[in-house]
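Reading the structure
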Amino acid sequence: MTQTPREIDRVREAVQEYLARQPELVRATDRFVALLTSILDDAGINYLTVTGRTKSVESFAGKAARMADGELLYTDPGEQITDQIGLRVITYVRDDVDAVVELLAQELTVLADRDMGRETAEEGRWGYSSRHLVVAVDASRTLTPEREALRTVTVSVQVRSVLQHAWAEFEHDIRYKGTVPEEHAPDLNRRFTLAAGLLELADHEFSAIRDRLQATMPEQHAQAPDEADPRLSAQELAKFLAGQYPDAGWSRTEHYSWISGLLLELGITSLDELRNALAAVDAEVINDRMGYRYPPAAVRRLDDALLSVFGEDYVTLHGNAHRVDQLHERLAKLD
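Rules used throughout
- Residues numbered from 1 in each chain as written.
- Predicted model: local features only at pLDDT ≥ 70, side-chain atom pairs only at ≥ 80, totals over all residues.
- Heavy atoms only, no water.
- Buried < 20%, exposed > 50% of the residue type's maximum accessible area, 1.4 Å probe, protein only.
- Helix = DSSP H or I, 4+ residues; strand = E, 2+ residues; numbered from the N terminus.
- Pairing = 2+ DSSP bridges.
- Phe/Tyr/Trp six-rings, centres within 6.5 Å; stacked < 30°, edge-to-face > 60°.
- Lys NZ or Arg CZ within 6 Å of the ring centre and 35° of its normal.
- Salt bridge = Lys/Arg side-chain N within 4 Å of Asp/Glu carboxyl O.
- Contact = heavy atoms within 4.5 Å.
- Core = buried A, V, L, I, M, F, W, Y, C linked by side-chain atoms within 4.5 Å.
- pLDDT = per-residue confidence, 0-100.
- Polar contact = N/O pair within 3.5 Å; in protein donor to acceptor, adjacent residues only side chain to side chain.
- Patch = residues over 30% accessible without salt bridge, like charges linked within 9 Å, V, L, I, M, F, W, Y side chains within 5 Å.
- Areas by Shrake-Rupley, 256 points an atom, 1.4 Å probe, with all protein chains shown as cover.
- Lys, Arg positive; Asp, Glu negative; His and termini not counted.
- Charge placed at Lys NZ, Arg CZ, Asp CG, Glu CD.
- Axes fitted to C-alpha atoms, helices over the stretch in contact; angles between N-to-C directions.
- Parallel < 35°, antiparallel > 145°, perpendicular 65-115°, else oblique.
- Left-handed = near helix turned anticlockwise from the far one by under 90°.
- Nonpolar A, V, L, I, M, F, W, Y, C, P; charged D, E, K, R; others polar.

**A few points about the pairing of strand 7 (residues 155-161)**
Counting buried positions along strand 7 gives seven out of seven residues, so the element sits mostly inside the fold. Residues Val155, Val157, Val159 and Ser161 of strand 7 are buried on one face, and the alternating residues Ser156, Gln158 and Arg160, pointing to the opposite face, are buried as well. The pairing of strand 6 (residues 131-137) with strand 7 spans five bridges and is classified as antiparallel. Along strand 7, the bridge assignment pairs Arg131 with Val159.

Listed below in structure tokens is the structure:
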């Protein structure tokens, strides 16, 4: 239906306001990506990527001009269009999607939460599966000065597994960027449905594989040190922690290498030295005092154990310079 002159003017005004604000939103997008990444990293959640994008002016204009029942869908586009900043968290397996959502709900204010996969399943079919959140910074959360401006924006966050993401991206590319002849549409719909079911099965199998490996992974025997790199290797540390914390999930691959560098600063270069350092640690006491509100992964568990053992000496390590305030907050819980 054709817009009235008044509606055209309203859309044009909203687009001009968005055009003026977009540079600020681009900066906020980068800072929100950094904030979400730090939240996930601090929790030790295993994820593949965190990415973000700022809605283009063209896309905003198209959405602001949408009609429903003969009227503009958005009476106040600047406030009602909530995906001006869009973030996406991709996990390795489907089970970790819920862990990420639970963590974000604890650390941020969730204004909306839609489980698209559940909605699809309730309709008795397979198809698009993703968790869609609208979040804002919690009023009680402490932010660095450069992130204070984030309190004025809301952000759309999609959380999905890598297989869910592959299906969604391919389906979107075919349906919205390509041309599907009408005579082929029923067969392609059937094939998309079949692919969605197979990927859901694959997601379950990947979760089962991960759980089996975590439960049965043997402890790595000490290896001859590499004279060029005295640190514990990420692989042997991962295997050691799987035995040390059998109820914890895997951490990101690079996090094992990162905490290995912290161990080197502490003078710990072998599994025997690490085992001795942790000998007096009461993991149950740490768990109780930290009051984890999400399933902490192996590296986070080790991080807190080392903080418990070495205290302020651990906080002041060179590799911890970027998170001194966070570690002091955790240390206060352990005291």
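**Quick word on the packing of aromatic side chains**
On inspection of all chains with the given rule, the structure shows three aromatic pairs. Here Tyr18 and Phe60 contribute two aromatic rings whose centre-to-centre distance is 4.2 Å and whose plane-to-plane angle is 5°, an arrangement assigned as stacked. A residue pair is termed long-range when its members are at least 10 positions apart, and Tyr18 in helix 1 (residues 5-43) and Phe60 in helix 2 (residues 57-64) qualify at 42 residues. Both rings, one in Phe170 and one in Phe192, keep their centres 6.1 Å apart while their planes meet at 55°; by these two values the pair is tilted. Taken as a pair, Phe170 in helix 6 (residues 162-177) and Phe192 in helix 7 (residues 185-216) lie far apart in primary sequence, 22 residues in all. Residue Phe170 is classed as exposed on the basis of its relative accessible area of 52%. For Phe192, a relative accessible area of 10% gives the class buried. One aromatic cluster is present, formed by Trp167, Phe170 and Phe192 through successive ring pairs. Lying over the aromatic face of Tyr47, Arg252 brings its terminal NZ or CZ to 3.9 Å of the ring centre.

**Let's talk about the pattern of salt bridges**
Inspection of every chain in the model, using the stated rule, returns 23 salt bridges. The partner of Lys63 in a salt bridge is Asp83, and the shortest N-O contact between them spans 3.1 Å. One end of the pair, Lys63, is in helix 2; the other, Asp83, is in the loop between helix 3 (77-80) and strand 4 (85-91), and 20 residues separate them in sequence. No difference in accessibility class separates Lys63 from Asp83, as the two residues are buried. The residue Arg131 makes a salt bridge to Asp113 at a minimum N-O spacing of 2.8 Å. Highlighted residues: Arg131 in strand 6 and Asp113 in strand 5 (residues 108-115), separated in sequence by 18 residues. Each of Asp42, Arg300, Asp303, Asp304, Arg323 and Arg330 takes part in one network of salt bridges that share partners.

**Focus on the environment of Ala234**
Mapped onto the fold, Ala234 is located in helix 8 (residues 234-244). The class of Ala234 is partly exposed, set by a relative accessible area of 22%. Here the alpha-carbon distance between Ala234 and Thr253, two residues 19 residues apart in the chain, equals 7.4 Å. When sequence neighbours within four positions are dropped, the list of residues in contact with Ala234 reads Thr253, Tyr256 and Ser257.

**Observations concerning the nonpolar core**
In terms of nonpolar packing, the biggest core is built from 74 residues, with Val157 and Leu274 touching the most fellow members. Broken down by element, this core gets its largest block of residues, 13 residues, from helix 1. When residues no more than four places from it in sequence are discounted, the contact partners of Leu274 are Leu232, Leu237, Phe240, Leu263, Ile268, Leu302 and Leu306.

**With respect to the environment of Ala332**
Relative to the assigned elements, Ala332 resides in helix 14 (residues 324-334). For Ala332, a relative accessible area of 53% translates into the label exposed. Here the alpha-carbon distance between Ala332 and Arg289, two residues 43 residues apart in the chain, equals 9.6 Å.

**Some remarks on the confidence of the model for the protein chain**
The predicted coordinates ought not to be read in detail in places where the model reports low pLDDT. Per-residue confidence for the protein chain averages 88 on the pLDDT scale, and 93% of its residues sit at or above 70. Low pLDDT (under 50) marks residues 219-224, which in the prediction has eight contacts with non-local residues, meaning those over four places away or in another chain.

**Focus on the side chain of Asp304**
Take Asp304: it is sitting in helix 12 (residues 298-310). Within the structure, the side chain of Asp304 is placed 2.8 Å from the side chain of Arg300, a separation counted as a polar contact.

**Quick notes on a negative patch on the surface**
A cluster of acidic residues, Glu13, Glu17, Asp76 and Glu79, forms a negative patch at the surface. Structurally, the position occupied by Glu17 is in helix 1.

**Section: the packing of helix 9 (residues 253-265) against helix 12**
Orientation of helix 9 relative to helix 12, taken along the N-to-C sense of each, is 15°, at an axis distance of 10 Å. Judged on the interaxial angle alone, helix 12 and helix 9 are roughly parallel. At the point where helix 9 passes helix 12, the crossing takes the left-handed sense. Contact residues: His255, Tyr256, Trp258, Ile259 and Leu263 in helix 9; Ala298, Val299, Leu302, Asp303 and Leu306 in helix 12. Within the contact of helix 9 with helix 12, the residues separate by chemical class into eight nonpolar, one polar and one charged.

**Some thoughts on a nonpolar patch on the surface**
A contiguous nonpolar patch, built from Phe206, Ile209 and Leu213 and spanning about 260 Å² of accessible area, is present on the exposed surface. Mapped onto the secondary structure, Phe206 falls in helix 7.

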